[in-house]
Amino acid sequence: WNVHIISLSLAEALGMIAREDDALVVVPDGLDYFRKPIEERVPLLFRALEQQRTWSELEAVAWFAAGEPPQTGQGHGAFLEDDERGSSLAGPRGSVLSALRRLGPTDWFDIDETVKTIASLESQYLTSSLPVGVSGEPVIEDFVRAVITRSLYQIGEIELGHSTE
């Protein structure tokens, strides 16, 4: 279900679909995205993710923890009309992606170590821009991990694997 929500959010951000009353409709030229060469599509997809305003990695983490899919139209993580609950995460998401680009991983990397490194590099900004969790502290590591293991994974930007060590 979170794959469907991020897919709809990205399709809307890329101009492939639009909301019309209670329905989603295909934009007439919206599928032109798929006619572009791959070297043009990938940066567009990445930019759409980075600037995403309706997708929330933090809610995706909560959905998985609860084991319950969001209910469309019921206000908890669904793909709602005029929904901008993820707008406050666009800046922090961009910060995490920028830090990841600076680290420049070209091979397999340890998620936990990368999360700690990015949380440390971006701590000042992320502390001031992310919401606080149940503990009263910002949810920096949860957010960084979710950007890497949910958002980037779901758009095919990274592969996830497990070491035998």
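Rules used in this analysis
- Residues numbered from 1 in each chain as written.
- Predicted model: local features only at pLDDT ≥ 70, side-chain atom pairs only at ≥ 80, totals over all residues.
- Heavy atoms only, no water.
- Helix = DSSP H or I, 4+ residues; strand = E, 2+ residues; numbered from the N terminus.
- Buried < 20%, exposed > 50% of the residue type's maximum accessible area, 1.4 Å probe, protein only.
- Contact = heavy atoms within 4.5 Å.
- Areas by Shrake-Rupley, 256 points an atom, 1.4 Å probe, with all protein chains shown as cover.
- pLDDT = per-residue confidence, 0-100.
- Salt bridge = Lys/Arg side-chain N within 4 Å of Asp/Glu carboxyl O.
- Axes fitted to C-alpha atoms, helices over the stretch in contact; angles between N-to-C directions.
- Parallel < 35°, antiparallel > 145°, perpendicular 65-115°, else oblique.
- Left-handed = near helix turned anticlockwise from the far one by under 90°.
- Nonpolar A, V, L, I, M, F, W, Y, C, P; charged D, E, K, R; others polar.
- Patch = residues over 30% accessible without salt bridge, like charges linked within 9 Å, V, L, I, M, F, W, Y side chains within 5 Å.

### Observations regarding the overall build of the protein
Consideration 1: For the protein, the count of helices and strands is seven helices and two strands.
Consideration 2: The secondary structure elements of the protein, listed N-terminal to C-terminal, are α-β-β-α-α-α-α-α-α.
Consideration 3: In the protein, which comprises 165 residues, the share counted as buried stands at 37%.
Consideration 4: Taking the contacts inside the protein whose residues are at least 6 apart along the sequence as the reference set, 66% of them involve residues at least 24 apart.
Consideration 5: With the model as given, the accessible surface of the protein reaches about 9800 Å², and the carbon-plus-sulfur share is 51%.

### Observations regarding the environment of lysine 36
Consideration 1: Mapped onto the fold, lysine 36 is located in the loop between strand E2 (23–26) and helix H2 (38–50).
Consideration 2: Leave out the neighbours within four places in its chain, and lysine 36 touches Arg41 and Leu44.

### Some remarks on the confidence of the model for the protein
It should be kept in mind that the predicted coordinates are not to be read in detail where pLDDT is low.
Consideration 1: Residues of the protein with pLDDT of at least 70 account for 79%, and the chain-wide mean is 79.
Consideration 2: Under a pLDDT of 50 for its full length, residues 73–78 has, in the predicted model, 19 contacts with residues more than four places off or in other chains.

### What about the pattern of salt bridges?
Side-chain pairs of opposite charge can arise whenever the charged atoms involved come near each other.
Consideration 1: In the structure shown here, the tally under the stated rule is six salt bridges.
Consideration 2: The shortest N-O distance in the salt bridge between arginine 19 and glutamate 12 comes to 2.7 Å.
Consideration 3: Ionic pairing is found between glutamate 57 and arginine 93, a salt bridge with its closest N-O pair at 2.7 Å. With glutamate 57 in helix H3 (residues 57–66) and arginine 93 in helix H4 (residues 90–103), this residue pair connects regions lying 36 residues apart in the sequence.
Consideration 4: Take arginine 93: its relative accessible area is 0%, and that puts it in the buried class.

### Quick look at the packing of H4 against helix H5 (residues 111–121)
When two helices pack together, you describe them by how their axes are tilted relative to each other and by the distance separating the axes.
Consideration 1: In contact at an axis separation of 10 Å, H4 and H5 are set at 115 degrees when each is read in the N-to-C sense. On the basis of their axis angle, the class for H4 and H5 is roughly perpendicular. Considering the relative orientation of H4 and H5, their crossing is right-handed. Where H4 approaches H5, its residues Val96, Ala99, Leu100, Arg102 and Leu103 are matched on the opposing element by Thr114, Thr117, Ile118 and Leu121.
Consideration 2: Split by residue class, the contact of H4 with H5 holds six nonpolar, two polar and one charged.

### Description of a nonpolar patch on the surface
Consideration 1: The grouping of Val26, Leu31 and Phe34 at the surface amounts to a nonpolar patch, some 300 Å² of accessible area in total.
Consideration 2: Mapped onto the elements of the fold, leucine 31 is located in the loop between E2 and H2.
Consideration 3: Since its relative accessible area comes to 41%, leucine 31 is described here as partly exposed.

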